[in-house]
Amino acid sequence: VKAVAFHRLHVSIPAGACQAEEKARVSIARAGTEMYETVSEVECGRDFLVRGLPPGSYHMQIALLSRARGERVFGSATFLLFEKNEHVTVGLSRGIDIDGSVVTPAGTRKPPLEKIRIQLRASGGDESARPDAEGRFRILNTPRQDKELGVTGIPDGYYFKEALYNGQVVQGRVLVLDGHALSHSLQIVLDDKPAAVAGSVRD
C-alpha cells in the first residue's frame with residue numbers, strides 16, 4: 001500500500017466578465033479524456049478551492065450559462081498537480097460565431113435541405129443548426145475548442161463529400177477552430193456522384 005497525497009487547486013475568475021451574483025459552472029476532467037464532472041456552481045468573479053484532486057494533468061472548463069445564447073462567456077485551463085497545490089486564473093470571454101453553408105460541386109443538382117442537420121459535438125455539449133432554403137446556417141457563440149463534425153439527414157442519392165473550414169479541408173471530421181481568425185466559415189459539400197468500386201472475390 002502506497003500513500004498518495006491529494007492536492008488543492010486555487011482558482012481565480014477575473015470579475016470583469018461577471019455580473020452581480022452571477023453563477024459559473026465549473027467542470028474538470030483528466031487531460032486526454034472526455035470524462036468531465038461538474039464540480040460546482042460558484043460565484044463568478046470570486047476565488048474558490050477545488051479539494052481532493054489526486055496527482056495528474058487536468059483540464060477545467062468554466063461557463064456562464066444563465067445568459068442568453070449570444071451573451072454567454074466561457075473559459076478553460078489545463079493544469080498539472082504533482083508535488084504541491086496549484087493556482088490558476090481562468091479568464092472568461094465570448095465564444096465565436098460560425099457562418100456556414102451547404103453547397104454542391106458545379107454541375108450537381110441542389111438537394112432538398114429541410115432534413116439536413118449540422119452537428120458539432122464537444123465535451124461542453126452538443127450544438128446543431130439547420131440550413132435555410134439557400135443552404136446557409138449559423139452557429140452562434142460556440143466555445144473555442146475542437147469539435148467533432150457530423151451531418152445527418154442527407155437525402156437519398158447524395159453523400160457527404162467534405163467540409164471546408166476557412167477554405168481548408170477538415171481532416172477526420174475534427175473541426176479545429178482557429179482562435180486567432182477574424183471570421184469563421186464552414187462549408188459542407190454534398191455530391192450525388194459517388195465513386196464506383198470494382199473488385200472480385202476469390203478463394
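Preceding this paragraph is the structure being described.
Residues numbered from 1 in each chain as written. Predicted model: local features only at pLDDT ≥ 70, side-chain atom pairs only at ≥ 80, totals over all residues. Heavy atoms only, no water.

1. Describing the overall build of the protein chain
- Regarding its fold elements, the protein chain presents zero helices and 17 strands.
- Compactness check: the protein chain gives a C-alpha radius of gyration of 22 Å against a globular reference of 17 Å for 203 residues, more than 25% above the reference.
- With the C-alpha coordinates aligned to their principal axes, the bounding extent of the protein chain is approximately 60 × 55 × 25 Å.
- Per-residue burial for the protein chain yields a buried fraction of 39% across its 203 residues. (Helix = DSSP H or I, 4+ residues; strand = E, 2+ residues; numbered from the N terminus. Rg over C-alpha atoms; globule rule 2.2 N^0.38 Å. Buried < 20%, exposed > 50% of the residue type's maximum accessible area, 1.4 Å probe, protein only.)

2. Here's the deal with the state of the cysteines
- Counting across every chain of the model gives one disulfide.
- Note that Cys 18 is cross-linked by a disulfide to Cys 44, the S-S spacing being 1.8 Å. Linking Cys 18 and Cys 44, the disulfide has an S-S dihedral of approximately -55° and is accordingly described as left-handed. Of the two residues, Cys 18 is situated in the loop between strand E1 (7–12) and strand E2 (23–30) and Cys 44 in the loop between strand E3 (37–43) and strand E4 (48–53); the sequence distance between them amounts to 26 residues. Pair check on accessibility: Cys 18 and Cys 44 agree, each one buried. (Disulfide = S-S within 2.5 Å.)

3. What about the environment of Leu 186?
- Note on placement: Leu 186 falls in strand E17 (residues 185–191).
- Along the backbone, Leu 186 and Asp 156 are 30 residues apart, and their C-alpha atoms lie at a distance of 23 Å.
- When sequence neighbours within four positions are dropped, the list of residues in contact with Leu 186 reads Ile 98, Asp 99, Gly 100, Ser 101, Phe 137, Leu 149, Ala 163, Leu 164, Tyr 165 and Leu 175. (Contact = heavy atoms within 4.5 Å.)

4. Some words on the sheet that holds strand E15 (residues 168–169)
- Pairing is mixed in the open sheet, where five strands are placed in the order E12-E9-E17-E14-E15. Looking at strand neighbours, the two that pair on one side only are strand E12 (136–142) and E15, the edges of this open sheet. (Pairing = 2+ DSSP bridges.)

5. Notes on unusual backbone geometry
- Even without a glycine there, the phi angle at Glu 21 is positive, about 60°.
- Within the secondary structure layout, Glu 21 lies in the loop between E1 and E2.
- Its identity as a non-glycine residue notwithstanding, Asn 166 has a phi of 50°, on the positive side.
- Secondary-structure assignment places Asn 166 in the loop between strand E14 (159–165) and E15.
- Classification of Asn 166 as partly exposed rests on a relative accessible area of 32%.

6. Brief notes about the side chain of Thr 142
- By the element assignment, Thr 142 lies in strand E12.
- Reaching out from Thr 142, the side chain makes a polar contact with the side chain of Lys 147 at a distance of 2.7 Å.
- Once residues within four sequence positions are removed from consideration, Thr 142 is found in contact with Arg 69, Gly 95, Ile 96, Ile 98, Glu 127, Lys 147 and Leu 177. (Polar contact = N/O pair within 3.5 Å; in protein donor to acceptor, adjacent residues only side chain to side chain.)

7. Considerations on the pairing of strand E13 (residues 147–152)
- As paired elements, strand E10 (residues 117–122) and E13 share five bridges and run antiparallel to each other. The partner of Gln 119 across the bridge, within E13, is Gly 150.

8. Concerning the pattern of salt bridges
- Per the stated rule, a full pass over the model turns up 13 salt bridges.
- Put simply, Glu 86 and Lys 84 hold a salt bridge, and the shortest N to O gap is 3.0 Å.
- The closest approach of N and O atoms between Arg 94 and Asp 97, which form a salt bridge, is 3.1 Å.
- Overlapping salt bridges bring together Arg 94, Asp 97, Asp 99 and Arg 138 as one network. (Salt bridge = Lys/Arg side-chain N within 4 Å of Asp/Glu carboxyl O.)

9. Quick word on the sheet that holds strand E6 (residues 73–81)
- What the five strands build is an open sheet, ordered E3-E2-E5-E6-E8; its pairing is antiparallel. Among the strands making up the open sheet, the edge pair consists of E3 and strand E8 (93–94).
- Inspection of the sheet shows E2 paired to E3 by six bridges, in the antiparallel sense. Bridging across to E3, Arg 25 finds its partner in Glu 41.

10. Topic: the nonpolar core
- Core analysis: the biggest nonpolar cluster contains 23 residues, and Leu 9, Val 11, Ile 13, Met 60, Ile 62 and Phe 79 have the highest contact counts within it.
- Beyond its immediate chain neighbours, meaning those up to four positions away, Ile 13 contacts Cys 18, Ala 24, Val 42, Cys 44, Gly 45, Arg 46, Asp 47, Phe 48, Ile 62, Val 90 and Leu 92. (Core = buried A, V, L, I, M, F, W, Y, C linked by side-chain atoms within 4.5 Å.)

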